[in-house]
Structures are given as C-alpha cells and as structure tokens.
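# Summary of the model geometry
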Protein chains: 2
Amino acid sequence: MADKNLQKFKDVLRSEHLKVTPQRLAVFEEVCSTDDHRDADDIYLSLKQREKAVSRATVYRTVDLLLKYNFVSRIDIEDGKWRYEHWLDCTRHDHLICVRCGNIVEFSDKNIQIREKRIAKSFDYTLVRHVLNLFGYCSDCRGK
Amino acid sequence: MADKNLQKFKDVLRSEHLKVTPQRLAVFEEVCSTDDHRDADDIYLSLKQREKAVSRATVYRTVDLLLKYNFVSRIDIEDGKWRYEHWLDCTRHDHLICVRCGNIVEFSDKNIQIREKRIAKSFDYTLVRHVLNLFGYCSDCRGK
DNA sequence: AGTTAAACGAGATTCAATCTCAATTAAATT
DNA sequence: AATTTAATTGAGATTGAATCTCGTTTAACT
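Below is a summary of the structure that appears in this document.

What counts as what
- Residues numbered from 1 in each chain as written.
- Chains lettered and ligands numbered in written order.
- Predicted model: local features only at pLDDT ≥ 70, side-chain atom pairs only at ≥ 80, totals over all residues.
- Heavy atoms only, no water.
- Helix = DSSP H or I, 4+ residues; strand = E, 2+ residues; numbered from the N terminus.
- Buried < 20%, exposed > 50% of the residue type's maximum accessible area, 1.4 Å probe, protein only.
- Contact = heavy atoms within 4.5 Å.
- Areas by Shrake-Rupley, 256 points an atom, 1.4 Å probe, with all protein chains shown as cover.
- Lys, Arg positive; Asp, Glu negative; His and termini not counted.
- Charge placed at Lys NZ, Arg CZ, Asp CG, Glu CD.
- Pairing = 2+ DSSP bridges.
- Patch = residues over 30% accessible without salt bridge, like charges linked within 9 Å, V, L, I, M, F, W, Y side chains within 5 Å.
- Salt bridge = Lys/Arg side-chain N within 4 Å of Asp/Glu carboxyl O.
- Near = heavy atom within 4 Å.
- Polar contact = N/O pair within 3.5 Å; in protein donor to acceptor, adjacent residues only side chain to side chain.
- Nonpolar A, V, L, I, M, F, W, Y, C, P; charged D, E, K, R; others polar.
- Least-squares fit on C-alpha atoms with pLDDT ≥ 70 in both.
- Buried area = accessible area lost by both parts, 1.4 Å probe.
- Axes fitted to C-alpha atoms, helices over the stretch in contact; angles between N-to-C directions.
- Parallel < 35°, antiparallel > 145°, perpendicular 65-115°, else oblique.
- Left-handed = near helix turned anticlockwise from the far one by under 90°.

What follows concerns the overall build of chain A. Helices and strands together make up the secondary structure of chain A, namely five helices and six strands. Taken from the N to the C terminus, the helices and strands of chain A come in the order α-α-β-α-α-β-β-β-β-α-β. Counting only C-alpha atoms, chain A reaches 45 × 45 × 30 Å along its principal axes. Per-residue burial for chain A yields a buried fraction of 42% across its 144 residues. In chain A, of all internal contacts separated by at least 6 residues, the share reaching a separation of at least 24 is 46%. When the accessible surface of chain A is totalled, it reaches about 8300 Å², and 49% of it is carbon and sulfur. Counting 26 positive and 23 negative side-chain charges, chain A places the centres of these two groups 3 Å from one another.

If you want it as structure tokens, here you go:
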C-alpha cells in the first residue's frame, strides 16, 4: 500500500522532470508513516531522530511539493503552524478541533460537498478545494 | 446603526472592567467603516492616514478584543495574514475565495450549518464556531 | 565517465504577531 | 477636584514559522 504510493510519488517526480532524491523519499515516507497531523518541524525532528536527517529547508520544500501534487493535505488549526497529513485513503478529511486540548477528529460529509459545489456554481466559481473546520469543546474539555 | 453598535462595544468594555479608550473606539470605528476583509496592518495604516494614529500593538490587541467579544470575525485566506470583518449584520459569513486574484465572495448556507451541528453532536463536541472556505477560480480568472 | 541542471544544507532573512517595560491615562476613591 | 490605582498605550525588541541565498553536491542524461 505505502510502497505503491511511494512508486506513484517517484513516477510523478520523473514525469515532472524532478529528481528522485533520498531526502524527498525520506520526507514522503515520514509523512505517510502516521495518521497524525504534524507540522514541518515535527517532521524534521522525527527524521533527525531516525538518523535520516534532512534540512529544515528541504522539509519545507518537499512538503510543498507533496501538497502541489496532492499527496498530502494541509490543515490550519489557527495556532500559526500548518499541519500535514497524508492522503493515502481517498476519503475527504474535514476536521473537528477541540479549542482547549487541540484534539482533532476527522469526518466527511457528502451532503455538504454537494451543497458546496452548488454554491460555487451559483457564483460562477470553479471549485478547486475547500476548508471546513469545526471548532468546539470535546467531551473531555467541556466544562473545564 | 453603527452608533448603536459602538454603544454596545462600550457597554461590553465597561461590564468587563476594561477601559473605554480613544484608541479602542478608533479601531472599532475603523473596522466597522467598511465591509472589506482587512488585515491588522491595513487597519493600522487607515487610522494613520485619517490622523487617528494608533500603534500597531494596540491595533492587534484591540482586534483580539473585538474577536473575543464577537464584534468581528477573522478569516484566513492562507496567505499568512488574518483578516477581519465586522459582524454587524448577524448573517453568517462563509467565503468563496479566488485562488488567483484573491477576490472574496460571501455566502451562507443553513443546510450546511444544520449538518455541521449534527456532525459535532455525533462526536460529542460542543460546537463554538466553524470555518468554511471554498477555494476556486472566479469567472474572470478561470482559464488564465 | 563527463556534463549539466536541479537539489541540498547552513544560515540569513522576512514578516506577522507577540512581548516588554516605562510612561500615560481612565476611572474608582476620597 | 485632587489623589490613587490599575489598566492601557507606544516604541521598539523579540519570536517563530516560513522563505530565501548561495556555494556545494548529486541525480540523471549523454
């Protein structure tokens, strides 16, 4: 599964005349290794710890690549850092974020997506992506 | 209309034992004076130009206050800056943003809101706010 | 193997946002 | 109306994520 996607990543790089470098593969692998939502520095530090160190600049550059070619999505929980998650299973990822503890739950709603398309059409926009974040208190944090 | 809201702002400040200062009133007034989506620096510069100069720090601080007490909402068009808009008419403001020219169209969809509530409930979260941004090409930018 | 253009790393830079702290001022108290 | 006090302000320093620079390295084509 992951290997298949790694292959896809390599194919995209080659077809775009970009180089297949150990650094790019390491970042790709690292991002795909968990279902967490991690920022660029988290990824940088994990790689360092695993003795696959890649410079911060390259992490940023690679993550941008992954975003551009749709291997990851980027979410913004409004704390000033972007977080990344792999896109291996093709379901949409919208987020329900606890404003106290920062816990993130994922969901997907077909019905909302249909309405979004309708809205974009009504304003004569061609939709490319959407951001839907719900903020609230999780059951643990409510009342604290 | 605007005066009524200014009064409401003063009342909130007093009830929170915060001071009613000329700087705070100037920022409030400036934010409410247009329906644009402006960042903190835009607001700072407008005030300066109108010879009602307030320091950048105070603009940031006041805008946070306005956010906290629900006089403005903050939107993120993912260019690294937060933008603010007043909340004078009580309709919701979701945004359809052109990824090329940055133009912003506002909309509101009851149906989506109902589904959001349902989703939050299903995960046992208490919803406090939501962010819904649609990104696409506007009719002018499509094809360019 | 040699060539070349892309990619890398270290560290500098940018810029929005936040923080610090001395001076000022709103508003409660006498 | 003067005094007290605690909050607020402004100027400039600081932070930190993200980007940029540029000399060095390396993937990949011939």
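The strands that make up a sheet pair up through hydrogen bonds in the backbone, lying either parallel or antiparallel. All names here are of chain B. The three strands are arranged E1-E3-E2 in an open sheet whose pairing can be described as antiparallel. The open sheet terminates on both sides in strands that have one partner only, identified here as strand E1 (38-39) and strand E2 (72-76). In this sheet, strand E3 (residues 82-86) lies alongside E2 in antiparallel orientation, the contact comprising five bridges. Following the sheet pairing, aspartate 76 is matched in E3 by tryptophan 82.

Next up on the list: a nonpolar patch on the surface. A cluster of nonpolar residues, Val99 and Tyr137 of chain A together with Val128 of chain B, forms a patch on the protein surface that exposes about 230 Å² of accessible area. Relative to the elements of secondary structure, valine 99 of chain A occurs in the loop between strand E4 (94-98) and strand E5 (104-107). Under the relative-accessibility criterion, valine 99 of chain A is labelled partly exposed at 37%.

With that settled, consider the protein's contact with DNA strand D. In the neighbourhood of DNA strand D, 20 residues make up the surrounding shell, with Thr21, Arg24, Ser55, Thr58 and Arg61 of chain B lying closest. A share of 68% is what sugar and phosphate atoms reach among the atoms of DNA strand D within 4 Å of the protein. Here a sugar or linking oxygen of DNA strand D and a side-chain polar atom of glutamine 23 of chain B are 2.9 Å apart. Between DNA strand D and arginine 24 of chain B there is a distance of 2.7 Å, counted from a phosphate oxygen to a side-chain nitrogen or oxygen. Mapped onto the surface near DNA strand D, the elements with two or more residues apiece are helix H4 (56-68) of chain A together with helix H2 (22-32) and helix H4 (56-68) of chain B. Ranked by the residues each element gives to the surface near DNA strand D, the list is headed by H4 of chain A, at four residues. Considering only residue class, the surface near DNA strand D consists of eight nonpolar, five polar and seven charged.

Attention now goes to the pairing of strand E6 (residues 126-137) of chain A. Relative to E6 of chain A, E4 of chain A is paired through four bridges, and the arrangement is parallel. Residue pairing across strands places cysteine 98 of chain A opposite glycine 136 of chain A, the latter belonging to E6 of chain A. Relative to strand E6 (residues 126-137) of chain B, E6 of chain A runs antiparallel, the two sharing 11 bridges. Counterpart to tyrosine 137 of chain A in the pairing with E6 of chain B is threonine 126 of chain B.

With that settled, the discussion passes to the relation of the copies chain A and chain B. For the pair chain A and chain B, the superposition axis carries a translation of 0.0 Å, the fit reaches an RMSD of 0.1 Å, and the rotation angle comes to 180°. Taken together, the rotation and translation relating the two chain copies correspond to the operation of a two-fold axis. The rotation axis passes nearest to the C-alpha of leucine 132 of chain A in chain A, at a distance of 2.3 Å. The overlap is high: 100% of the interface residues of chain A also sit at the interface in chain B, so the same surface is used on both sides.

Interfaces are often sized by the accessible area lost when the parts come together. With 37 residues of chain A at the contact, the number on the chain B side is 37 residues. Of the roughly 3500 Å² buried between chain A and chain B on both sides combined, carbon and sulfur atoms contribute 59%. Between aspartate 124 of chain A and arginine 142 of chain B there is a salt bridge, and its shortest N-O distance comes to 2.9 Å. Counting every contact that joins chain A to chain B gives 22 residue pairs in polar contact (both at pLDDT 80 or more). Of the residues assigned to the side of chain A that touches chain B, the class counts are 20 nonpolar, seven polar and 10 charged.

Moving on to the packing of helix H3 (residues 40-49) of chain B against H4 of chain B. Pairs of packed helices are described in terms of their axes, by the angle between the two and the distance that separates them. Residue and element names in this part refer to chain B. Packing of H3 against H4 leaves a shortest axis separation of 9 Å and a crossing angle of 120°. With respect to H4, the element H3 is oriented oblique. Crossing of H3 over H4 shows right-handed handedness. Residues Ala40, Asp41, Ile43, Tyr44 and Leu47 of H3 lie in contact with H4, whose contacting residues are Arg56, Val59, Tyr60 and Val63. Along the lines of polarity and charge, the residues of the contact of H3 with H4 split into seven nonpolar, no polar and two charged.

As a further point, take the packing of H2 of chain B against H3 of chain B. All names here are of chain B. Where H2 meets H3, the axes come as close as 10 Å, and the angle between the chain directions of the two elements is 105°. By the angle between their axes, H2 is roughly perpendicular relative to H3. Packed against H2, whose contacting residues are Ala26, Val27, Glu30 and Val31, the element H3 presents Ile43, Ser46 and Leu47 at the interface. A class-by-class count of the residues in the contact of H2 with H3 yields five nonpolar, one polar and one charged.

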